[in-house]
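# Overview (structure and organization)
What follows is each chain in one-letter form.
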Amino acid sequence: MAKVKITLVKSPIGYNKKQRAIAASLGLRKLQSSVMQEDTPDIMGKVRKIAHLVKVEQA
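Here's a quick rundown of the structure. (Residues numbered from 1 in each chain as written. Predicted model: local features only at pLDDT ≥ 70, side-chain atom pairs only at ≥ 80, totals over all residues. Heavy atoms only, no water.)

### With respect to the overall build of the chain
From N to C terminus, the chain includes two helices and three strands. Sequence-ordered secondary structure for the chain, helices as α and strands as β, is β-α-β-α-β. Projecting the C-alpha coordinates of the chain onto the three principal axes gives extents of approximately 35 × 20 × 15 Å. For the chain, contacts bridging at least 24 residues in sequence account for 72% of all contacts bridging at least 6. Working note: accessible area of the chain is about 3,900 Å², and carbon and sulfur atoms make up 57% of it. Across the chain, the mean location of the 12 positive side-chain charges is 13 Å away from that of the 4 negative side-chain charges. (Helix = DSSP H or I, 4+ residues; strand = E, 2+ residues; numbered from the N terminus. Contact = heavy atoms within 4.5 Å. Areas by Shrake-Rupley, 256 points an atom, 1.4 Å probe, with all protein chains shown as cover. Lys, Arg positive; Asp, Glu negative; His and termini not counted. Charge placed at Lys NZ, Arg CZ, Asp CG, Glu CD.)

Structure follows, in structure tokens:
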């Protein structure tokens, strides 16, 4: 499976509780933190829900 690098570029503060929980479930805690995740449908679904907060790169 391919990997994607997900970086938190905007703070989830001020957004609803579900979006903050999605960011935390991906492993994103602080601004500019990055995680490597598998490119699976469930991960990409989470990324789509918070697309306005993250930057995604193929790795």
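Additional details are given in the paragraphs that follow.
### Remarks on the pairing of strand 2 (residues 34–38)
Only one face of strand 2 is buried: it carries Val35 and Gln37, and the other face, with Ser34, Met36 and Glu38, is open. As judged from the five bridges shared by strand 1 (residues 3–8) and strand 2, these two strands associate in the antiparallel manner. Bridge pairing in strand 2 links Lys5 to Met36. (Buried < 20%, exposed > 50% of the residue type's maximum accessible area, 1.4 Å probe, protein only. Pairing = 2+ DSSP bridges.)

### Some details on the pattern of salt bridges
A side chain with one charge can pair with a side chain of the opposite charge if their charged atoms come near. Within the structure shown, the criterion is met by two salt bridges. A salt bridge links Glu38 to Lys3; the shortest N-O distance between them is 3.4 Å. Highlighted residues: Glu38 in strand 2 and Lys3 in strand 1, separated in sequence by 35 residues. What makes Lys3 partly exposed here is its relative accessible area of 35%. The partner of Glu57 in a salt bridge is Lys55, and the shortest N-O contact between them spans 3.4 Å. Judged by relative accessible area, which is 32%, Glu57 ranks as partly exposed. (Salt bridge = Lys/Arg side-chain N within 4 Å of Asp/Glu carboxyl O.)

### Examining the environment of Gly27
Of note, Gly27 is situated in the loop between helix 1 (17–25) and strand 2. Looking at Gly27, the relative accessible area reads 30%, which means it is partly exposed. Residues Gly27 and Leu8, 19 residues apart in the sequence, show an inter-C-alpha distance of 9.8 Å.

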